Amino acid sequence: VYLRQTPSGRWLEVRTHVLEDGGYVRTFADVTEHITLQEALRENEARWRSLTHLSSDWYWEQDAEFRFVRFDGRGDHRLGMNDDDIFGKCRWELPHAGVSQAQWAAHRAQLAAHEVFHDFEMQRTHTNGTVQWVAISGEPMFDAQGCFCGYRGVARDITERKRAEGQIQRLAFYDELTGLPNRRLLHDRIEQIARLGVREGTQGALLLLDLDNFKTINDSLGHEWGDRLLEQVGSRLSACVRASDTVARWGGDEFVVVLQGLPLDTAQAAAVAEAVAYKVLQLLGQPHRLAGRSVHSTPSIGITLFQDCDVGVAQLLQRADMAMYQAKQRGRNTWCFFDAGMQAAAQARSALEADLRVALQQRQCLLHFQRIVDAQGRTLGVEALVRWQHPQRGMVSPAEFIAVAEQSGLIVALGQQVLELACAQLAQWAHHPVCAQWSVSVNVSARQFRQSDFVHQVLATLQVTGARAQLLTLELTESLVPDNVEDAIDKMHQLRTKGVRFSVDDFGTGYSSLAYLTRLPLHQLKIDQSFVRNLGVRPSDDVIVQTIIGMGRNLDLEVLAEGVETEAQKALLIAHGCDLYQGYLLAHPMPVADFERMLNSGAA
Ligand code: C2E
Ligand code: MG
Ligand code: MG
């Protein structure tokens, strides 16, 4: 059998049949159509091959169960695996990433519905660990009878594109030099923090920093070193703040720090912002090592607080900017608040703090004592309340300076002095027939109680003064415990075994959980004044007071009502069965001298 082409170009299949007598018969069949078809097929196949080989895309086919049966093309679609590892597996059975459960579900639903899909993006992991992003498109295949027999399609490596997208994102929102958020992202963050503040009842602070002598450094060392300095400033700033706060580069040598979650109270929020500003000055004030030299650079900081963004971000930044210029005028390397009131408050507070430091050194603080009586009016003890006789201001109320002492940490030293004074008084009264059995209640702040040597301090003070531990009551507030319940229980037990008693001050204002309250070795609950004040006025407070008294009885705790000012309040409390009473109705806090006078006149 052979093929022959006629001069007219047609193809003939020539078959020769040998006959028995040695002769033969030749048949000619015109197979032109068949040959052209085959030719076309071959050409198609060749075209297809060069297409897949020249393209970076690759071709794939799956059977009716979506299992891979074919791969063609140059792209590194095998990811270090053999055909055997891939064939027979579905797309989701091969190593992948970057696709959520929901996205897989949607993709599989599309396949099940035999739909065409475009640019399904997923990450595939190469056996060598590298990750590749691919975009896949596919269409269903049907046989001659119209039955679904699988999928075929193409896939493309889009790793580069994804990388570029990430880069663009970074360039759009982050500063190239320091890697910190840029103006644009800062803008968003401020708005976000303001919204959060409105929702959670907090406020934010914006600190704008400008380096004082950057231009000089930049000019003398060169831009390269100027850039290094900015980088170092950026990383030092990031170290100053909590992870939830934002440090951004505003441009040039200006940086912005945004603090979030500050208390709504202006003075308290300003104190936090100030503490951060102080830390920034300390950290940035450390010399930088640049070009083999030790270079000093200090910032000037403008601060403004914000509760919402009603004035707009631009306005907020302008305020901080104005404050920053003021800081420059004050001699640089310092901070300034935008708001005059805030600034005044900040200055008054730091002046008070400085004075308090001196007061502690010179032991200017003294105690007043307020009597605590039972229903019959007999005095059972006193509460020690600290008083500060300021050389210029006169008597400063604890409401004013306790907060400053807490914020500055001076409360620990102050608390210790109070404890010493109270114990000394106890020891002195021990010899007096009237007050030998009086107990003395001492307020202990959370920070003081959390000191690791608190138990030791109390026991040592008792020992040095010779006071009886059984007559010392320590008043803790509810908020103090939840931080570290085990530690609190441990400390209280150690002191309790020596005879020291514990009282919960301002009870009802915190968020005590009864669960832990019952675990503490407590002796007394002090109903907060705010409930006592409204007795007989606000029915709900009547209920609260009754409940606390009932609870105290059930837990075997003594209940004391503070802030008793009227006979009506006292009568109601007696009716409810309250154990002890403290308040202006019964006695005001008094200096010791007044007690002595009273005792000597026999009035007690
Ligand atoms: P606190 O422990 O709840 O003390 C009771 C406060 O109520 C005292 O105010 C007292 O003078 C006042 N008070 C007493 N009776 C009445 C009354 O009938 N009506 C009214 N309106 N008030 C009454 P003070 O002395 O100004 O102390 C305020 C807070 O300062 C104390 O509240 C306590 O939390 C804190 N504090 C006082 N001394 C110390 C201390 O030595 N250490 C610590 N950490 N905190 C102290
Ligand atoms: Mg108290
Ligand atoms: Mg109280």
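See above for the structure.
Quantities reported herein were computed from a predicted structural model and do not represent experimental measurements.

Enquirer: Is there a simple way to explain the packing of helix 14 (residues 454-465) against helix 15 (residues 485-496) in this structure?
Expert: In contact at an axis separation of 10 Å, helix 14 and helix 15 are set at 20° when each is read in the N-to-C sense. For the element pair helix 14 / helix 15, the angle class is roughly parallel. By crossing handedness, the relation of helix 14 to helix 15 is classed as right-handed. Across from Phe454, Val455, Val458 and Leu459 in helix 14, the residues of helix 15 making contact are Lys491, Gln494 and Leu495. Taken together, the residues that form the contact of helix 14 with helix 15 break down as five nonpolar, one polar and one charged.

Enquirer: What is the right way to look at the pairing of strand 15 (residues 299-306) in this model?
Expert: One face of the sheet, then the other: side chains in a regular strand alternate in exactly this way. The element strand 15 is extensively covered by neighbouring structure, given that eight of its eight residues are classed as buried. Because side chains alternate across strand 15, one face comprises the buried residues Pro299, Ile301, Ile303 and Leu305, and the other comprises Ser300, Gly302, Thr304 and Phe306, equally buried. Here eight bridges tie strand 10 (residues 203-211) to strand 15, and the two strands are oriented antiparallel to one another. Directly across from leucine 209, in strand 15, lies its bridge partner isoleucine 301. When strand 15 meets strand 16 (residues 335-337), the two strands line up parallel, connected through three bridges. By the bridge assignment for strand 16, isoleucine 301 is matched with tryptophan 335. Between strand 15 and its parallel partner strand 16, the chain crosses via helix 9 (residues 313-329), and the hand of that crossover is left-handed.

Enquirer: Before we go on, may I ask you to explain the coordination of the magnesium ion (ligand 2) in this structure?
Expert: By definition of the ideal shapes, four donors in a tetrahedron about a metal sit 109.5 degrees apart, and six donors in an octahedron sit 90 or 180 degrees apart. Of the protein atoms, only Glu383 (OE), Asn443 (OD1), Glu475 (OE) and Asp505 (OD) coordinate the magnesium ion (ligand 2), at distances of 2.0 to 2.2 Å. The sequence pattern formed by the donor residues of the magnesium ion (ligand 2) is E-x59-N-x31-E-x29-D. Separating the magnesium ion (ligand 2) and the magnesium ion (ligand 3) is a distance of 4.1 Å, and aspartate 505 donates to both of them. One end of the pair, glutamate 383, is in strand 18 (residues 379-390); the other, asparagine 443, is in strand 20 (residues 439-443), with 60 residues separating them in the sequence. According to the relative accessible area criterion, asparagine 443 is partly exposed, its value standing at 29%.

Enquirer: Explain the pairing of strand 4 (residues 58-62) to me, please; I cannot follow it from the model alone.
Expert: In terms of burial, strand 4 is a largely internal element, five of the five residues being buried. Covered by surrounding structure in strand 4 are Trp58, Trp60 and Gln62 together with Tyr59 and Glu61, the residues of both alternating faces. Here five bridges tie strand 4 to strand 9 (residues 148-157), and the two strands are oriented antiparallel to one another. Residue pairing for strand 9: tyrosine 59 is matched across the bridge by valine 154. With four bridges joining them, strand 4 and strand 5 (residues 68-72) adopt antiparallel strand pairing.

Enquirer: I tried to follow the coordination of the magnesium ion (ligand 3) on my own but got confused; where do I start?
Expert: Coordination of the magnesium ion (ligand 3) by the protein comes from Asp505 (OD), Asp506 (OD), Glu562 (OE) and Glu562 (OE), over a distance range of 2.0 to 2.4 Å. Mapped onto the sequence, the residues coordinating the magnesium ion (ligand 3) show the spacing D-D-x55-E.

Enquirer: Where do I start with the site of ligand 1 in this structure?
Expert: Of all residues adjacent to ligand 1, which total 21 residues, the nearest are Asn443, Asp505, Gln529, Glu565 and Tyr584. Within the side chain of aspartate 505, an N or O atom sits 2.7 Å from an oxygen atom of ligand 1. Relative to its free-state accessible area of 800 Å², ligand 1 is covered by the protein chains to the extent of 83%. More than half of the atoms belonging to ligand 1 lie within 2 Å of the grid points that define the largest pocket. Elements with a contribution of two residues or more to the shell around ligand 1: strand 18, helix 11 (398-408) and strand 22 (501-507). Across the shell around ligand 1, the residue classes break down as eight nonpolar, six polar and seven charged.

Enquirer: Would you mind going over the packing of aromatic side chains with me for this structure?
Expert: Here the distance between the centres and the angle between the planes together describe a pair of aromatic rings. If you walk through the whole model with that rule in mind, you get 19 aromatic pairs. Considering the side-chain rings of tryptophan 429 and tryptophan 438, the 5.4 Å spacing of their centres and the 80° angle between planes classify their relative orientation as edge-to-face. These aromatic residues form a ring-pair network of at least three members: Trp60, Phe66, Phe68, Phe71, Phe87, Trp92, Trp104, Phe117, Phe120, Phe142, Phe148 and Tyr151. One cation-aromatic arrangement involves arginine 91 over tryptophan 60; the distance from NZ or CZ to the ring centre is 4.6 Å.

Enquirer: Would you mind going over the sheet that holds strand 8 (residues 131-142) with me for this structure?
Expert: Hydrogen bonding along the main chain pairs the strands of a sheet, whether they run parallel or antiparallel. Here six strands make up an open sheet; going across it, the order is 5-4-9-8-7-6 and the pairing antiparallel. Each edge of the open sheet carries a strand with a single partner, namely strand 5 and strand 6 (96-97). When strand 6 meets strand 7 (residues 117-125), the two strands line up antiparallel, connected through two bridges. From the neighbouring strand, alanine 97 faces strand 7, where its bridge partner is glutamine 123. On the sheet, helix 4 (residues 159-173) packs against strand 7, strand 8 and strand 9 and is oriented at approximately 130° with respect to strand 8.

Enquirer: Where do I start with the sheet that holds strand 12 (residues 254-262) in this structure?
Expert: The five strands are arranged 11-12-10-15-16 in an open sheet whose pairing can be described as mixed. The two strands at the open ends of the sheet, each matched to only one other strand, are strand 11 (246-251) and strand 16. Neighbour-to-neighbour, the strand axes of this sheet turn through a mean angle of 20°, independent of strand direction. Bridge count between strand 11 and strand 12: five bridges; the pairing is antiparallel. Of the residues in strand 12, the one forming a bridge with threonine 246 is valine 258. This element, helix 7 (residues 223-240), spans strand 10, strand 11 and strand 12 of the sheet and lies at about 10° to strand 12.

Enquirer: It is not clear to me how empty space enclosed by the protein should be interpreted in this structure. Could you clarify?
Expert: Over the atoms a probe the size of a water molecule is rolled, and this reveals where empty space is left. Taken as a whole, this structure holds two cavities of 30 Å³ or more when the rule is applied. Considered as a void within the structure, the largest cavity measures approximately 100 Å³ in volume. Lining the largest cavity are Trp58, Trp60, Phe68, Phe71, Arg91, Leu94, Pro95, Met122, Arg124, Val134, Ile136 and Ala155. For the lining of the largest cavity, the secondary structure elements donating two or more residues are strand 4, strand 5, strand 7 and strand 8. Residues that form the lining of the largest cavity fall into these classes: 10 nonpolar, no polar and two charged.

Enquirer: So what exactly am I meant to see when it comes to the layout of surface pockets here?
Expert: There is about 1,000 Å³ of room inside the largest pocket. In terms of lining residues, the largest pocket is bounded by 37 residues, among which Leu385, Pro398, Ile402, Asn443 and Asp505 are the most central. Put simply, the parts of the chain that give the lining of the largest pocket at least two residues each are strand 17 (365-374), strand 18, helix 11, helix 12 (411-429), strand 20, helix 13 (446-450), strand 21 (472-477) and strand 22. In this structure, the second largest pocket encloses a volume near 430 Å³. Residue lining of the second largest pocket: 15 residues in total, with Ala271, Glu274, Ala275, Glu353 and Gln407 positioned closest to the centre. Of all elements in the fold, only helix 8 (266-285), helix 10 (340-361) and helix 11 reach the threshold of two or more residues within the lining of the second largest pocket. Among the residues making up the lining of the second largest pocket, the classes are represented as eight nonpolar, three polar and four charged.

Cut-offs applied
Residues numbered from 1 in each chain as written. Chains lettered and ligands numbered in written order. Predicted model: local features only at pLDDT ≥ 70, side-chain atom pairs only at ≥ 80, totals over all residues. Heavy atoms only, no water. Axes fitted to C-alpha atoms, helices over the stretch in contact; angles between N-to-C directions. Helix = DSSP H or I, 4+ residues; strand = E, 2+ residues; numbered from the N terminus. Parallel < 35°, antiparallel > 145°, perpendicular 65-115°, else oblique. Left-handed = near helix turned anticlockwise from the far one by under 90°. Contact = heavy atoms within 4.5 Å. Nonpolar A, V, L, I, M, F, W, Y, C, P; charged D, E, K, R; others polar. Buried < 20%, exposed > 50% of the residue type's maximum accessible area, 1.4 Å probe, protein only. Pairing = 2+ DSSP bridges. Right-handed = clockwise from strand over helix to strand, strands pointing away. Donors = N, O, S within 2.8 Å, 3.2 Å for Na, K, Ca; no water. Near = heavy atom within 4 Å. Polar contact = N/O pair within 3.5 Å; in protein donor to acceptor, adjacent residues only side chain to side chain. Areas by Shrake-Rupley, 256 points an atom, 1.4 Å probe, with all protein chains shown as cover. 1 Å grid on protein atoms, 1.4 Å probe; cavity = no way out; pocket = protein on both sides within 12 Å on 5 of 7 lines; lining within 4 Å. Sits in = over half its atoms within 2 Å of the grid points. Phe/Tyr/Trp six-rings, centres within 6.5 Å; stacked < 30°, edge-to-face > 60°. Lys NZ or Arg CZ within 6 Å of the ring centre and 35° of its normal. Points joined across faces, edges and corners; volume = space filled by probe spheres on them.

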